[in-house]
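# Tertiary structure, described
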Amino acid sequence: MGTITSTKNDSNLTMPGYFLYVLECDNGSYYTGYTKNLARRYAEHRNGTAKSSYTRSFRPIRIAQCWHLDDSIGVVLRIERWIKQQSKATKILLIQRPDQLKAMVEKKLKIEVNIMPFNWSDIDQK
């Protein structure tokens, strides 16, 4: 099964703060989660060892999008829950336009967040 390996520096995958990610699964659905260590968590999902029964049933085929948040766990959980409640069309919009998440969250949840799309182009998803 696949793992993420960095072709540059693995420290980028375990930065302070949290990663919020959307996985595209083999059934065409999207799974949203968060982690402090993106490489480890993605490997767990791909290998079926994650606590998520959803990704054990519908294996992820890629990280569709991810963001880095330099915020509290409470804020991260609120954003994760909000994304999970969105329609597939909204999730696709966020995947295609990751810069839109900050404005959408601030408007809908009425909170200021320190969130940025995470450029994972230096990560191999095998």
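Refer to the structure presented above.
Here's what I pulled together on the structure shown here.

Reading the values: the criteria
- Residues numbered from 1 in each chain as written.
- Predicted model: local features only at pLDDT ≥ 70, side-chain atom pairs only at ≥ 80, totals over all residues.
- Heavy atoms only, no water.
- Patch = residues over 30% accessible without salt bridge, like charges linked within 9 Å, V, L, I, M, F, W, Y side chains within 5 Å.
- Areas by Shrake-Rupley, 256 points an atom, 1.4 Å probe, with all protein chains shown as cover.
- Salt bridge = Lys/Arg side-chain N within 4 Å of Asp/Glu carboxyl O.
- Helix = DSSP H or I, 4+ residues; strand = E, 2+ residues; numbered from the N terminus.
- Expected span 1.5 Å × (residues − 1).
- Buried < 20%, exposed > 50% of the residue type's maximum accessible area, 1.4 Å probe, protein only.
- Arc of directions from axis to C-beta.
- Contact = heavy atoms within 4.5 Å.
- Phe/Tyr/Trp six-rings, centres within 6.5 Å; stacked < 30°, edge-to-face > 60°.
- Lys NZ or Arg CZ within 6 Å of the ring centre and 35° of its normal.
- Core = buried A, V, L, I, M, F, W, Y, C linked by side-chain atoms within 4.5 Å.
- Pairing = 2+ DSSP bridges.
- Axes fitted to C-alpha atoms, helices over the stretch in contact; angles between N-to-C directions.

This part covers a nonpolar patch on the surface. Together, Tyr34, Ile73 and Leu77 make up an exposed nonpolar region whose accessible area comes to about 210 Å². Tracing the sequence through the fold places Leu77 in helix 3 (residues 73-84).

With that settled, consider helix 3. Its 12 residues place the ends of helix 3 16 Å apart at the C-alpha level, agreeing with the 16 Å of an ideal helix rising 1.5 Å per residue. Among all positions in helix 3, only Val75, Val76, Ile79, Glu80, Trp82 and Ile83 are buried. Down the axis, helix 3 shows its buried residues gathered within 160 degrees of arc, on one side only. Check the buried side of helix 3 and you find it contacts strand 2 (18-25), strand 3 (30-35), strand 4 (60-69), helix 4 (88-96) and helix 5 (100-109).

This brings us to the packing of aromatic side chains. Applying the stated criterion across every chain, the model contains four aromatic pairs. Considering the side-chain rings of Phe19 and Phe118, the 4.9 Å spacing of their centres and the 75 degrees angle between planes classify their relative orientation as edge-to-face. Within this pair, whereas Phe19 is found in strand 2, its partner Phe118 is found in the loop between strand 5 (115-117) and strand 6 (123-125), the two being separated by 99 residues in sequence. The exposure class assigned to Phe19 is buried, which follows from its relative accessible area of 0%. Aromatic side chains Tyr54 and Phe58 sit 5.0 Å apart centroid to centroid with 45 degrees between the ring planes, which places their arrangement in the tilted category. Residue Tyr54 is classed as partly exposed on the basis of its relative accessible area, which comes to 31%. On the accessibility criterion, Phe58 (31% relative accessible area) is partly exposed. Ring pairs connect the aromatic residues Tyr31, Tyr54 and Phe58, which therefore count as one cluster. Of note, Lys36 hangs over the ring of Tyr18, and the distance from its end group to the ring centre comes to 4.3 Å.

One finds Trp67, Ile79, Trp82, Ile83, Leu101 and Val105 to be the most contacted residues of the largest nonpolar core, which totals 21 residues. Elements with a contribution of two residues or more to this core: strand 2, strand 4, helix 3, helix 4 and helix 5. With five residues, helix 3 is the single largest residue contributor to this core. In this structure Leu101 touches Leu20, Trp67, Ile79, Trp82, Ile83, Leu94 and Ile115, once residues within four positions along its chain are discounted. Within the second largest apolar cluster, 10 residues are counted, among which are Phe19, Cys25, Tyr31 and Ile63.

Judged by pairing direction, the sheet is antiparallel, and its four strands sit side by side in the order 3-2-4-5 without closing on themselves. The strands lining the two open edges of the sheet, one partner per strand, are strand 3 and strand 5. Each strand axis lies, on average, 30 degrees off the axis of its neighbour in the sheet, ignoring direction. Judged from the eight bridges that link them, strand 2 and strand 4 form a sheet pairing that is antiparallel.

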